[in-house]
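The primary structure of each chain is shown beneath.
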Amino acid sequence: MNREVLELASGKITFRMNPFRVVLLLLTSLFAVVTIYRLAAGLGATTNLSDRWPWGLWIFMDVKLGVALAAGGFTTAALYYVFGWRELKPIVKPAILTAWIGYVLVAVGLLIDLGRWYNFWRPIFFWGYHSVMFELFWCVLLYTIVLTAEFGPTVFARLRWEGWEKTLKALTLPLVISGILLSTLHQSSLGSLYILMPGKLNHLWWTMLLPLNYFLTAVAVGPAMVTVESYLSARAYRRRFELDIMQPLAKFTAGTLVIYLVVKIADLVYRKELGALFAGTREGNMFLLEMAIGVIIPVIMYLLPGIRKTSGGVVTAASLVIVGVILNRFNVVFTGMTRALGGSYFPSWMELSMTLGLISLGVLAYSFFVENFGVFEEAAAPEAVASPPIVMRPAQRTMAKGAS
Amino acid sequence: MEPKGMLIDLTKCMGCRSCQVACKQWNNLPTTSTSFNPDWSNPPGLSANTWTRLDFHLSEEGDDLKWRFVKQQCMHCDEPACESACFVHALTKTPEGPVVYNADICVGCRYCMVACPFSIPKYQWEARFPKVQKCDLCAGRQAAGLQPACAAACPSGAIKFGGRAALLEEAWGRIRGSNGKYVKRVFGEKEVGGTSVLYLSDVQFEKLGFPAEITAEPLPQYTWKALSKIPAVLVGWGGFLVFMTWYSRRRSQLEEKQKAVQG
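Residues numbered from 1 in each chain as written. Chains lettered and ligands numbered in written order. Predicted model: local features only at pLDDT ≥ 70, side-chain atom pairs only at ≥ 80, totals over all residues. Heavy atoms only, no water.

Draft legend 1. Layout of the overall build of chain B. Looking only at helices and strands, chain B features 8 helices and 9 strands. Taken over the C-alpha trace, chain B has a radius of gyration of 26 Å; the compact-globule value for 263 residues is 18 Å, which it surpasses by more than 25%. Summarising its shape, the C-alpha atoms of chain B cover approximately 95 × 45 × 40 Å along the three principal directions. The proportion of buried residues among the 263 residues of chain B is 51%. Here the contacts in chain B between residues at least 6 apart in sequence split such that 56% fall between residues at least 24 apart. Put simply, chain B shows about 12,600 Å² of open surface, and 55% of that area lies on carbon and sulfur atoms. Charge separation in chain B, taken as the distance between the mean sites of 31 positive and 25 negative side-chain charges, equals 6 Å. (Helix = DSSP H or I, 4+ residues; strand = E, 2+ residues; numbered from the N terminus. Rg over C-alpha atoms; globule rule 2.2 N^0.38 Å. Buried < 20%, exposed > 50% of the residue type's maximum accessible area, 1.4 Å probe, protein only. Contact = heavy atoms within 4.5 Å. Areas by Shrake-Rupley, 256 points an atom, 1.4 Å probe, with all protein chains shown as cover. Lys, Arg positive; Asp, Glu negative; His and termini not counted. Charge placed at Lys NZ, Arg CZ, Asp CG, Glu CD.)

Now the structure itself:
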């Protein structure tokens, strides 16, 4: 038996450094320093936000994208636990882990963006229930707790807290279902936020269907994120990339995107905005770009087995779906509002470095949990016949050694 | 109590900016250093320290050139988007008319600023714990039986304070009695469901910087159409998820049984 397995059995928690991780750690430290400065000095001293642009990079990246790209958790849980897609088993744990880290980071990002952050708990006692933000606050708060409970058994198993592990495992199904409900509500709410601005948001994006559009894109991008994450972690840990598991996920995303495309077109036709789409304006062109990159091209790639059944093809298509969602949220927050708000906004270096640092923290946390809590145990199982039981461990040691 | 309001007749305004100064004085707001502005307006925009200002417009109608001065401040909507946007209810519409702000519970999310159809709420960006700032229609003066500082300072009678219903009646009376001088519209009567501040003008409102596309429906009702569906979504979608969980477990159990029988 190699040393790591012994370490795992003896309960020692390890985290090996390599140059890449040192960079991530430096970025995280920068994030910590800038955060302290921001909390002490205020938003004006640290950001390029203004009366014209009260929302900027943090709302776009840390909140809107953070939540959308963490959708892999609830979509994977729904497909596995609720719809019985048994073949997804190996990717359930990593997907829940990513979502959990994602939501914790969203909470941190949101807190930093609040002007009077020490009041963050107020909505618990002062109910502005007529605000979408109120619903968003509660759903994100509760869903972060639910995700902690969903990932809990994996942590407790490692810590040998069997009582806790068993209790939480027994609660899996209620947790999963409430997690899906909470996700449905707040994923759509991120769109509903902009329903209030019919006079400001360009009508290519402003529609009463904003919540549906946001929900559908979240459902589509969740599995795409899982695909890209699996691919990246497979490369990092020299695991086998689960190309077979990605096939049903790819078809599922393609199906969701087709529904989304039909809804989008029908909505534009119904609201007589189709003309504005081809008017050659910046808004129209950005809309077309978003739909081409994020919907039409990946759907075609997913539907062609020759492309879908290759690692490169399925990962490229999934990446395009992710870029499409990034473009969509960008267009709602920035492109579609530019005409109404006027002026311009570009984030300051402190805004950029905090977002970058937050992402670095996420990557470090992911690596830490993957290496210490047996997240990929099921993933290694199919190769168990041919290889030693814990396939990733020796490779990981090699990599860590090679780098240090 | 009868809701109060303010009628601003743009044809009577001569651009003296007394209202701007009175507002700063009454609310003890620091001045902003002025600079030359191509349209003569100063300061260049509303801010945390400037709650009202005159927006200068040179309007051309044929050979006729007209200077028009649009007093900008919070419109005090009857159903304010900012109030509905606030998730702690720090902004409230009072029965007397003013939309007021409670800084103590404000979390600082700035959704109100994004939501306002007139982009009125401004932020103390330089403060450590900034407050949202905007005109409160001098709620404090009103409580003491006084009219807002700007209305009291206006020398030309362009700003009239009073009961909103009576002001609206008077506005239409002025339109009818003017032989077509005024545009046949009282801005604020129906816009976003009605506002406490009303405007009369002899130049098309769109040409004076008023929002061109503005709905008559109160904006919070849009949001409510989405939010009110939540209970139905919870029950329907939740029921479906529970059923599907049961269904897929049952199916896999039966499949295993079948396998066992065959095996």
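Draft legend 2. Molecular detail of the packing of aromatic side chains. By the definition in use, this model includes 49 aromatic pairs over all chains. Ring centres 4.8 Å apart and planes at 90° place the aromatic pair A:Y103 and A:Y143 in the edge-to-face group. Here A:Y103, found in helix α6 (residues 89–113), pairs with A:Y143, found in helix α8 (residues 132–159); they are 40 residues apart in sequence, far enough to count as distant. Pair check on accessibility: A:Y103 and A:Y143 agree, each one buried. Geometrically, the ring pair formed by B:W40 and B:W67 is tilted, given 5.6 Å between the ring centres and 45° between the ring planes. Placement of the pair is B:W40 in the loop between α1 (18–26) and β2 (53–61) and B:W67 in strand β3 (residues 64–72), with a sequence separation of 27 residues. According to the relative accessible area criterion, B:W40 is exposed, its value standing at 53%. Three or more aromatic residues joined by ring pairs form one cluster here, namely A:F15, A:W100, A:F151, A:F368, A:F369 and A:F373. Across from the ring centre of A:F376, 3.7 Å away, lies the NZ or CZ of A:R239, which sits over that ring. Just above the ring of B:Y222 sits the side chain of B:K225; from NZ or CZ to the centre is 5.2 Å. (Phe/Tyr/Trp six-rings, centres within 6.5 Å; stacked < 30°, edge-to-face > 60°. Lys NZ or Arg CZ within 6 Å of the ring centre and 35° of its normal.)

Draft legend 3. Quick look at the sheet that holds strand β9 (residues 197–200) of chain B. All names here are of chain B. Strand order across the open sheet formed by 3 strands is β8-β1-β9, with mixed pairing between neighbours. Bordering the open sheet on either side are β8 (159–163) and β9, each of which pairs with just one other strand. Going from strand to strand, the sheet's axes swing by 25° on average, the running direction of each strand aside. Here strand β1 (residues 4–9) runs beside β9; their pairing, made up of 4 bridges, is parallel. When the sheet's bridge partners are listed, L7 is paired in β9 with L198. Packing against the sheet, helix α6 (residues 164–176) makes contact with β1, β8 and β9, and its axis sits at approximately 130° to β8. (Pairing = 2+ DSSP bridges. Axes fitted to C-alpha atoms, helices over the stretch in contact; angles between N-to-C directions.)

Draft legend 4. Local environment of the layout of surface pockets. Taken as a whole, the largest pocket spans an internal volume of roughly 1,400 Å³. Around the largest pocket, the lining comprises 50 residues; the ones closest to its centre are A:A340, B:P117, B:F118, B:S119 and B:P211. Mapped by element, the contributors of at least two residues to the lining of the largest pocket are α16 (311–341) of chain A together with β2, β3 and α3 (111–115) of chain B. Looking at the lining of the largest pocket residue by residue, the class counts come to 28 nonpolar, 11 polar and 11 charged. Estimates place the volume of the second largest pocket at around 1,000 Å³. (1 Å grid on protein atoms, 1.4 Å probe; cavity = no way out; pocket = protein on both sides within 12 Å on 5 of 7 lines; lining within 4 Å. Points joined across faces, edges and corners; volume = space filled by probe spheres on them. Nonpolar A, V, L, I, M, F, W, Y, C, P; charged D, E, K, R; others polar.)

Draft legend 5. Local environment of the pattern of salt bridges. Per the stated rule, a full pass over the model turns up 18 salt bridges over all chains. A:E283 serves as the salt-bridge partner of A:R339, at 2.9 Å between the closest nitrogen and oxygen. Within this pair, whereas A:R339 is found in helix α16, its partner A:E283 is found in helix α14 (residues 282–303), the two being separated by 56 residues in sequence. Given the relative accessible area of 62%, A:R339 is considered exposed. Taking relative accessible area as the criterion, A:E283 reaches 2% and is therefore assigned buried. Beyond isolated ion pairs, a larger network of salt bridges with shared partners links B:D9, B:K160, B:E170 and B:R174. (Salt bridge = Lys/Arg side-chain N within 4 Å of Asp/Glu carboxyl O.)

Draft legend 6. Broad picture of the nonpolar core. Core analysis: the largest hydrophobic core is formed by 187 residues, its most contacted members being A:L97, A:Y194, A:Y302, B:Y111 and B:Y199. Residue contacts for B:Y111: discarding those within four places in its chain leaves A:W55, A:S131, A:V132, A:M133, A:S192, A:L193, A:Y194, A:L196, A:M197 and B:A85. Counting 9 residues, the second largest nonpolar core, distinct from the first, contains B:A171, B:I175, B:Y182 and B:L198. (Core = buried A, V, L, I, M, F, W, Y, C linked by side-chain atoms within 4.5 Å.)

Draft legend 7. Structural view of the environment of A:L171. Residues and elements named next belong to chain A. With respect to the helices and strands, L171 occurs in the loop between α9 (162–170) and α10 (172–192). For L171, a relative accessible area of 39% translates into the label partly exposed. Remark: the alpha-carbon pair of L171 and E150, spanning 21 residues in sequence, is separated by 8.6 Å.

Draft legend 8. Representation of α6(A) in the model. In this model, α6(A) (25 residues) spans 37 Å end to end at C-alpha, consistent with the 36 Å of a helix rising 1.5 Å per residue. Taking burial as the measure, the 25 residues of α6(A) include 18 buried ones, the bulk of the element. (Expected span 1.5 Å × (residues − 1).)

Draft legend 9. Representation of the confidence of the model for chain B. When pLDDT is averaged across chain B, the result is 93; 99% of the residues are at 70 or more. Both scores are available for the predicted complex, with the pTM at 0.90 and the ipTM at 0.91. (pLDDT = per-residue confidence, 0-100.)

Draft legend 10. Examining the interface of chain B and chain A more closely. Between chain B and chain A, the residue contacts involve 58 residues of the former and 57 residues of the latter. Between chain B and chain A lies a buried interface of about 4,900 Å² when both sides are counted; carbon and sulfur atoms form 66% of it. Sorting the residues of chain B by area buried against chain A places B:F87, B:Y111 and B:W125 first, and these three jointly supply 16% of that buried surface. Along the contact surface separating chain B from chain A lie 1 salt bridge. With a shortest N-O distance of 2.9 Å, A:D113 and B:R110 are connected by a salt bridge. (Buried area = accessible area lost by both parts, 1.4 Å probe.)

Draft legend 11. The arrangement of the packing of helix α5 (residues 72–82) of chain A against α6(A) in detail. Residue and element names in this part refer to chain A. For the pair α5 and α6, interaxial distance at closest approach is 8 Å and the crossing angle is 150°. It follows from the interaxial angle that α5 and α6 lie roughly antiparallel. Crossing of α5 over α6 shows left-handed handedness. Judged by residue contacts, G72, G73, T76, A77, Y80 and Y81 of α5 engage K89, I91, V92, A95, I96 and A99 from α6. Within the contact of α5 with α6, the residues separate by chemical class into 8 nonpolar, 3 polar and 1 charged. (Parallel < 35°, antiparallel > 145°, perpendicular 65-115°, else oblique. Left-handed = near helix turned anticlockwise from the far one by under 90°.)

Draft legend 12. Inspection of the pairing of β3(B) at higher detail. All names here are of chain B. Sheet topology note: the β2/β3 ladder contains 9 bridges and is antiparallel. Within β3, the position partnered with L54 by the bridge is K71. Linking β2 to β3, which pair antiparallel, is a turn of 2 residues; within it G62 sits at a positive phi near 65°.

Draft legend 13. Structural view of the confidence of the model for chain A. All names here are of chain A. Confidence along chain A averages 88 in pLDDT terms, with 91% of residues attaining 70 or more. Here residues 1–6 is a poorly scored stretch, pLDDT under 50, and it has 11 contacts once near neighbours within four places are set aside; other chains count. Here residues 380–404 is a poorly scored stretch, pLDDT under 50, and it has 32 contacts once near neighbours within four places are set aside; other chains count.

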